[in-house]
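Now for the letters of each chain:
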Amino acid sequence: MANELKVGVVGGSGRMGQMVVAQVTETDGCAVFGGVDMPGQDVVGKDIGVVAGIEPLGVSIGQDAAAMIAGVDVVIDFTVPEATVEHSRLAAQAGAAMVIGTTGLNKEQAGVIEAAARHVPIVWAPNMSVGVTLLLALTEQVASILGPNEYDIDVVEMHHKHKIDAPSGTALGLGHAAAAGRGVELDSVYKAARDGITGARPDGEIGFAVLRGGDVVGEHSVIYAGDGERVVLTHKAGSRKVFAAGAVRAALWTQGRKAGLYNMRHVLGFED
């Protein structure tokens, strides 16, 4: 249909890419108009719907990201930092909006995304699920109430054995939310791991514990530990479908938006 949002998917043969393709196909108001994968992959030239395990869509997986991005309204990217940075540059040049679920970007790479967002709307979130978006908001709120002298904060996360970055982007997002609730920068209170004789824990520290194993989609808990009690906020994802659904919701939300860097709180109306 002429009024459908034209969606392009990069990394179309990956686990998340396939989920996104299927979710776009199931969602009214949008359709897959393009997809690319790394040059030399055996999926190049194949129908992106067939690769995703659904009916043929009449869209072949290509290897020219620039050409694909120039022909769509919005690009959905769950790839790797180096690729996402390049795709953001291409999206800015082409005037295409972007939805980014890639994690593990460093400050320099994040700066490229921020620069691209001066030209097009970009929704960038470490986790696209509605539940995690709510968890981020609650984490900040609870941290603002439970003070650093009375409650210690730890973020605990577990993912499948193939995940390549740690802590997860979602865990870091939760840490930033907790730090914001206490009016500090995460870098100033961050504790990545504890091993050996570490001494007593200082007040205000925000710790992280990382678990990897099996096929766990994603589990995150924020623990507020005080004398005599603990408050625990937890989210468990049972399927990557929740991330794909959130990404497609974000893609639709970008329609008519001015250039800028947004997150899922904006998409869900938690922030203006």
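Preceding this paragraph is the structure being described.
Just so you know, these numbers come straight off a predicted model, no measurement behind them.

## Quick notes on the pairing of strand β11 (residues 229–237)
- Strand direction decides the pairing type here: strand β10 (residues 218–226) and β11, joined by nine bridges, are antiparallel. In the strand pairing of β11, S221 is matched with T234.
- The hairpin formed by β10 and β11 contains two residues between the paired strands, and G228 there has a positive phi angle of roughly 90 degrees.

## Thoughts on the packing of aromatic side chains
- Under the definition given, this model contains two aromatic pairs.
- Taking 4.9 Å as the distance between ring centres and 40 degrees as the angle between the ring planes, the aromatic pair formed by Y190 and F208 counts as tilted. A residue pair is termed long-range when its members are at least 10 positions apart, and Y190 in strand β8 (residues 190–191) and F208 in strand β9 (residues 206–212) qualify at 18 residues.
- Aromatic side chains W253 and Y262 sit 5.0 Å apart centroid to centroid with 75 degrees between the ring planes, which places their arrangement in the edge-to-face category.
- By relative accessible area, which is 13% here, W253 ends up buried.
- What makes Y262 buried here is its relative accessible area of 14%.

## What to know about the nonpolar core
- With 35 residues, the main nonpolar core has V7, V20, I76, V99 and V123 as its most contacted residues.
- Elements supplying a minimum of two residues to this core: β1 (5–10), α1 (15–26), β2 (30–36), α2 (48–51), β4 (74–77), β5 (97–100), α8 (241–253) and α9 (264–268).
- With seven residues, α8 is the single largest residue contributor to this core.

## Topic: helix α7 (residues 169–181)
- Counted at 1.5 Å a residue, the expected span for α7 with its 13 residues is 18 Å, and the 18 Å between its end C-alpha atoms agrees.
- With respect to burial, α7 is a largely interior element, ten of its 13 residues being buried.
- Residues of α7 that are buried: G169, T170, A171, G173, L174, G175, A177, A178, A179 and G181.
- The elements touched by buried residues of α7 are α6 (130–145), β7 (151–159), β9, β10 and α9.
- A positive backbone phi angle near 75 degrees is found at G183, which sits one or two residues after α7.

## What about the pattern of salt bridges?
- Using the criterion set out here, one finds eleven salt bridges in the structure.
- Residue R265 pairs with E140 through a salt bridge whose shortest N-O separation is 3.4 Å. One end of the pair, R265, is in helix α9; the other, E140, is in helix α6, and 125 residues separate them in sequence.
- The closest approach of N and O atoms between E205 and R194, which form a salt bridge, is 2.7 Å. One end of the pair, E205, is in the loop between β8 and β9; the other, R194, is in the loop between β8 and β9, with eleven residues separating them in the sequence.
- Look at E205 and you get buried, because its relative accessible area is 13%.

## Quick word on the packing of α6 against α7
- The N-to-C vectors of α6 and α7 enclose an angle of 30 degrees; their axes lie 7 Å apart at closest approach. With respect to their mutual orientation, α6 and α7 come out roughly parallel. Where α6 crosses over α7, the two elements pack in a sense that is right-handed. In contact with V132, L135, L136, T139, E140, A143 and S144 of α6, α7 contributes T170, G173, L174, A177, A178, A180 and G181.

Rules and cut-offs
Residues numbered from 1 in each chain as written. Predicted model: local features only at pLDDT ≥ 70, side-chain atom pairs only at ≥ 80, totals over all residues. Heavy atoms only, no water. Pairing = 2+ DSSP bridges. Helix = DSSP H or I, 4+ residues; strand = E, 2+ residues; numbered from the N terminus. Phe/Tyr/Trp six-rings, centres within 6.5 Å; stacked < 30°, edge-to-face > 60°. Buried < 20%, exposed > 50% of the residue type's maximum accessible area, 1.4 Å probe, protein only. Core = buried A, V, L, I, M, F, W, Y, C linked by side-chain atoms within 4.5 Å. Expected span 1.5 Å × (residues − 1). Contact = heavy atoms within 4.5 Å. Salt bridge = Lys/Arg side-chain N within 4 Å of Asp/Glu carboxyl O. Axes fitted to C-alpha atoms, helices over the stretch in contact; angles between N-to-C directions. Parallel < 35°, antiparallel > 145°, perpendicular 65-115°, else oblique. Left-handed = near helix turned anticlockwise from the far one by under 90°.

In short, shape yes, function no, at least from these values alone.
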